Amino acid sequence: MAVTDDAILRVKEMIVSGELRPGDRLPREADLAERLGLSRNSLREAVKALSLVRVLDVRQGDGTYVSSLRADDLLGALSFVLDLHRGEDSVQEVLEVRRILEPAAAAMAAQRISEDEVASLRGLCDAAAAAKSVEELVEHDLEFHRRVVQASGNAYLAQLLDTLAGPTVRVRIWRGITQASAVDRTVAEHRAIVDALAAHQAELARSWSTVHVAGVEQWLKDLA
């Protein structure tokens, strides 16, 4: 594993330095192994590992290429890992991360959001209030959070939080079923976030977003 790790670092250095750019084809395996002072076997294992996390794209019969290195492609690997860890402790940790990142995204959005985006968020609040099932409410809830983060203007943050939202879906549905006030509280907190965004009050948006995510987090802790 140490040899493979070294091979991964060598290839990574070529990408970080700009020697290999997105879309570039890697040199032939034999040539690259000799150049880096690696065995062909360790280089082959490194390529496999980097292709799994979508840094490299292995095209059968055509060679190996550096991927686009776009955030949405690279974070797909994180989504896979999160899908494998859906226990209560894992979800609690994901919620903790959301509580750190989402309020920051909301504060950024308050400085950049447009009137059309505000109107869209108000429409989602109305749709959530009229939802006929908990599943429908959660669908609107996810879309609401996605659009708030998109309004921050940071594509990396938007993709990361969208990836982190997946493991919390079942928790949100279960909370909606078991906690009588969850639906009304969710809609009310969404409207408060939108009002803060519309007024371009960054710290107020941050505060309401913190309260909103922390409510789900605390509910899950109380179940333990």
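Criteria and cut-off values
- Residues numbered from 1 in each chain as written.
- Predicted model: local features only at pLDDT ≥ 70, side-chain atom pairs only at ≥ 80, totals over all residues.
- Heavy atoms only, no water.
- Helix = DSSP H or I, 4+ residues; strand = E, 2+ residues; numbered from the N terminus.
- Buried < 20%, exposed > 50% of the residue type's maximum accessible area, 1.4 Å probe, protein only.
- Areas by Shrake-Rupley, 256 points an atom, 1.4 Å probe, with all protein chains shown as cover.
- Salt bridge = Lys/Arg side-chain N within 4 Å of Asp/Glu carboxyl O.
- Arc of directions from axis to C-beta.
- Contact = heavy atoms within 4.5 Å.
- Phe/Tyr/Trp six-rings, centres within 6.5 Å; stacked < 30°, edge-to-face > 60°.
- Lys NZ or Arg CZ within 6 Å of the ring centre and 35° of its normal.

*Asks:* When you look at the overall build of the protein in this model, what are you seeing that I'm missing?
*Replies:* The number of helices and strands found in the protein is 11 helices and 2 strands. Listed by position from the N terminus, the elements making up the protein come as α-α-α-β-β-α-α-α-α-α-α-α-α. Looking at the 224 residues of the protein, the share that counts as buried comes to 40%. Of the roughly 12100 Å² of accessible surface on the protein, 53% is carried by carbon and sulfur atoms.

*Asks:* Looking at this model, I keep getting lost on the pattern of salt bridges. Mind explaining?
*Replies:* Where charged atoms from two side chains of opposite charge approach closely, those side chains can pair. With the rule as written, the count across this model stands at 16 salt bridges. Here Arg44 makes a salt bridge to Glu29, at a shortest N to O gap of 2.7 Å. Here Glu29 lies in helix H2 (residues 29-36) and Arg44 lies in helix H3 (residues 40-52), a separation of 15 residues in the sequence. Between Arg59 and Asp57 there is a salt bridge, and its shortest N-O distance comes to 3.0 Å. Overall, Asp57 belongs to the partly exposed group, its relative accessible area being 31%. What emerges from the salt-bridge pattern is a single network uniting Glu143, Arg146, Arg147 and Asp162.

*Asks:* Before we go on, may I ask you to explain H2 in this structure?
*Replies:* Residues spaced three or four apart along an α-helix face the same direction, because each turn holds 3.6 residues. Of the positions making up H2, those classed as buried are Leu32, Ala33 and Leu36. All buried residues of H2 fall inside an arc of 100 degrees around its axis, so they share one side. Away from its buried face by more than 90 degrees, H2 exposes Glu34 and Arg35. Looking at the buried positions of H2, the neighbouring elements they touch are helix H1 (2-16) and H3. Positive phi appears at Gly37, one or two residues downstream of H2, with a value of about 70 degrees.

*Asks:* What is the right way to look at the packing of aromatic side chains in this model?
*Replies:* Describing an aromatic ring pair means giving the distance of the ring centres and the angle of the ring planes. For the coordinates displayed, the defined rule picks out 0 aromatic pairs. Positioned above the aromatic ring of Tyr65 is the side chain of Arg59, whose terminal nitrogen or guanidinium carbon lies 3.9 Å from the ring centre.

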